[in-house]
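Close look at the chain arrangement
For reference, the chains in residue letters:
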Amino acid sequence: ARHVCARVERLLRRGACSSYIDRAMAATAEGTWLQKMAAGLAKVKVGGVEIGTAPTAEALSGLIDTKTYLEVIEQVAPIYDCLLGAGMGSKILKGDINGTCGFLRGHLEKLPGGAGATLQGIVDYGMANVPLKKLTSDPGSTVRAVLWCNRACLFITHFIKNLIDGLDGTDAARKAYEENLKMYHGWIAGKAVGGVMSLAPKKEKIFEAMGLPSEEEANKQAKAFLDILLPLQAAIVKMLVEKNANFPEKV
């Protein structure tokens, strides 16, 4: 196991790029990544209504529409290159979230009785029809896909929150990982992903790559983004806990 983990770490470092800044992430006519994400998040439907820019717990207590949720979460992956550098580590993490989103989208219409239309429907169908062992261990588990899609996004939001709270890149990454993902990773996965966190660039480089002209502007845009996504993520965690689907099993 140690040999495998050491090899993974070597590959990650070999793929890291010191001059990683990709101008594709810079501001466009539609705005920065943070602005576009905030605009997309505001259009996520819960209970058939768009949640807007300041969703309350009550507004988020209804059924979460899978289609509008995925339309914005599918835009998360590119930010890994800014936060962690465009190396092998980012490539692996981007592949994970893209694969999870693609898997969920593929089940929008496949689940019987329209169960795929909402995140709650996906979880309810899985919990009622699939053995618990398969739900927690099978990569093809739709319930696990909902769970890990949210966990991946929790890492991103807390990474960004840590940056605007004053932490530099590496410390922001490590804190976000330790508080949101590390407890669900086994030794090998934890060692490998933990190594990726050490590759995070300086905060100034991250903001530059995101097309943010100043720390003040970064804080402003990040707050608008976090004000929507953090409550939505909390609502998803609450839903999973209530349905006994917030599985603690490690991967």
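This text goes with the structure placed above it.
This write-up is about the structure you can find in this document. (Residues numbered from 1 in each chain as written. Predicted model: local features only at pLDDT ≥ 70, side-chain atom pairs only at ≥ 80, totals over all residues. Heavy atoms only, no water.)

1. A short note on the overall build of the protein
Within the protein, the secondary structure is distributed over 12 helices and two strands. What you see in the protein, going N to C, is helices and strands ordered as α-α-β-β-α-α-α-α-α-α-α-α-α-α. In the protein, once contacts between residues fewer than 6 apart in sequence are set aside, the share between residues at least 24 apart is 75%. Just so you have it, the protein exposes about 12,000 Å², and 55% of that area is on carbon and sulfur atoms. (Helix = DSSP H or I, 4+ residues; strand = E, 2+ residues; numbered from the N terminus. Contact = heavy atoms within 4.5 Å. Areas by Shrake-Rupley, 256 points an atom, 1.4 Å probe, with all protein chains shown as cover.)

2. Focus: the pattern of salt bridges
Pairing between side chains of opposite charge can happen when their charged atoms approach one another. Summed over all chains, the structure comprises 11 salt bridges. Two residues, Glu74 and Arg105, come together in a salt bridge whose shortest N-O distance is 2.6 Å. Residue Glu74 is located in the loop between helix H3 (66-73) and helix H4 (79-84), and its partner Arg105 is located in helix H5 (residues 88-106); the two are separated by 31 residues in the primary sequence. Residue Asp81 pairs with Lys94 through a salt bridge whose shortest N-O separation is 3.0 Å. Here Asp81, found in helix H4, pairs with Lys94, found in helix H5; they are 13 residues apart in sequence, far enough to count as distant. (Salt bridge = Lys/Arg side-chain N within 4 Å of Asp/Glu carboxyl O.)

3. Topic: the environment of Lys250
Relative to the assigned elements, Lys250 resides in the segment after helix H12 (215-242). Each C-alpha atom of the pair Lys250 and Thr136 lies 9.0 Å from the other, and the pair is 114 residues apart in sequence. What Lys250 contacts, discounting residues up to four positions off in sequence, is Met183, Tyr184, His185 and Gly186. Polar side-chain contacts of Lys250 include one of 2.9 Å to the backbone oxygen of Met183. (Polar contact = N/O pair within 3.5 Å; in protein donor to acceptor, adjacent residues only side chain to side chain.)

4. Description of the environment of Asn246
Positionally, Asn246 belongs in the segment after H12. Asn246 gets classed as partly exposed once you look at its relative accessible area, which sits at 27%. In this structure, the C-alpha to C-alpha distance between Asn246 and Val143, residues 103 residues apart in sequence, is 9.2 Å. Excluding its chain neighbours within four sequence positions, the residues that come into contact with Asn246 are Leu147, Arg151, Tyr184, Leu240 and Val241. (Buried < 20%, exposed > 50% of the residue type's maximum accessible area, 1.4 Å probe, protein only.)

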